[in-house]
Amino acid sequence: MTGSRDKLYEEIYKGRLIEIDEFQQSMPGSVTASHFTVSVDGVELPGTFDDLSYQPFGASAYPKGAPDPEQSSALAAAKAYCDREAEAKD
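Residues numbered from 1 in each chain as written. Predicted model: local features only at pLDDT ≥ 70, side-chain atom pairs only at ≥ 80, totals over all residues. Heavy atoms only, no water.

Peer 1: When you look at the pairing of strand E3 (residues 32-40) in this model, what are you seeing that I'm missing?
Peer 2: For a regular strand, side-chain orientation follows a simple rule: the groups alternate between the two sheet faces. For E3, a buried count of 8 out of 9 residues is recorded, marking the element as mostly surrounded by other parts of the structure. Two strands pair when backbone bridges link them, and strand E2 (residues 16-26) and E3 are joined in this way by 9 bridges, in the antiparallel orientation. Paired with Ser26 across the strands is Thr32, a residue of E3. Where E3 lies against strand E4 (residues 43-44), 2 bridges are found, and the strand directions are antiparallel. Residue Ser39 lies in a different strand from E4, and its bridge partner there is Glu44. Where E3 folds back on E4, the antiparallel hairpin that results is connected by 2 residues, among which Asp41 adopts a positive phi of roughly 50 degrees. (Buried < 20%, exposed > 50% of the residue type's maximum accessible area, 1.4 Å probe, protein only. Helix = DSSP H or I, 4+ residues; strand = E, 2+ residues; numbered from the N terminus. Pairing = 2+ DSSP bridges.)

Set out below in structure tokens:
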């Protein structure tokens, strides 16, 4: 099984750096699974987001592919985290 991690998205939101990476694992000719991880100012938030899988001979969880990072639940979670942090400082 091989794995890779690629940075997909980066944004400054309320003075905080949000980064979204895609982690992908696959076996040749078999199942490919991936998910997004998100970090704020270099600290990874718990959990995985936008999980998907592809099976060449079966149904895929996301037949159209992964969502764009801009519409992902990872970005929504990161912005909600930043909003909570900003409210706590007020």
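Structure shown, so let's carry the discussion forward.
Peer 1: How should I be thinking about the nonpolar core in this particular structure?
Peer 2: Most often, soluble globular proteins have nonpolar side chains that are buried together. One finds Ile18, Ile20, Val38, Val40, Ala74 and Ala78 to be the most contacted residues of the largest nonpolar core, which totals 13 residues. Counting only elements with at least two residues in this core, the list comes to strand E1 (2-13), E2, E3 and helix H1 (73-89). With 4 residues, the single largest contributor to this core is H1. With sequence-adjacent residues up to four places away left out, Val38 is seen in contact with Ile18, Glu19, Ile20, Val43, Glu44, Leu45, Phe49, Ala74 and Ala78. (Core = buried A, V, L, I, M, F, W, Y, C linked by side-chain atoms within 4.5 Å. Contact = heavy atoms within 4.5 Å.)

Peer 1: What's the story with the pattern of salt bridges in this structure? I'm lost.
Peer 2: A side chain with one charge may pair with a side chain of the opposite charge, provided their charged atoms come close. Enumeration according to the criterion identifies 7 salt bridges in this entry. Note that Lys7 and Glu10 form a salt bridge whose closest N and O atoms lie 3.2 Å from each other. Members of the salt-bridge network, linked through shared partners, are Arg5, Asp21 and Glu44. (Salt bridge = Lys/Arg side-chain N within 4 Å of Asp/Glu carboxyl O.)

Peer 1: Looking at this model, I keep getting lost on the confidence of the model for the chain. Mind explaining?
Peer 2: Interpretation of this model should avoid reading the predicted coordinates in detail wherever pLDDT is low. Here the chain shows a mean pLDDT of 83. Residues at 70 or above account for 80%. Within the chain, the element-level pLDDT minimum falls on strand E5 (residues 49-54), averaging 78, and the maximum on E4, averaging 94. (pLDDT = per-residue confidence, 0-100.)

Peer 1: Where do I start with H1 in this structure?
Peer 2: Think of an α-helix as turning once every 3.6 residues; residues three or four places apart then point the same way. Spanning 17 residues, H1 covers 25 Å between terminal C-alpha atoms, matching the ideal 24 Å at 1.5 Å per step. Within H1, the full set of buried residues consists of Ala74, Leu75, Ala78 and Cys82. All buried residues of H1 fall inside an arc of 100 degrees around its axis, so they share one side. Of the exposed residues in H1, those oriented more than 90 degrees away from the buried face are Arg84, Glu87 and Ala88. (Expected span 1.5 Å × (residues − 1). Arc of directions from axis to C-beta.)

Peer 1: I would appreciate a short explanation of the side chain of Glu22 in the present structure.
Peer 2: Along the chain, Glu22 turns up in strand E2. A distance of 3.2 Å separates the side chain of Glu22 from the side chain of Ser34, its partner in a polar contact. (Polar contact = N/O pair within 3.5 Å; in protein donor to acceptor, adjacent residues only side chain to side chain.)

Peer 1: Honestly, the environment of Phe23 in this entry has me stumped. Any pointers?
Peer 2: Along the polypeptide, Phe23 turns up in strand E2. In this structure the C-alpha to C-alpha distance between Phe23 and Asp6, which are 17 residues apart in sequence, comes to 6.7 Å.

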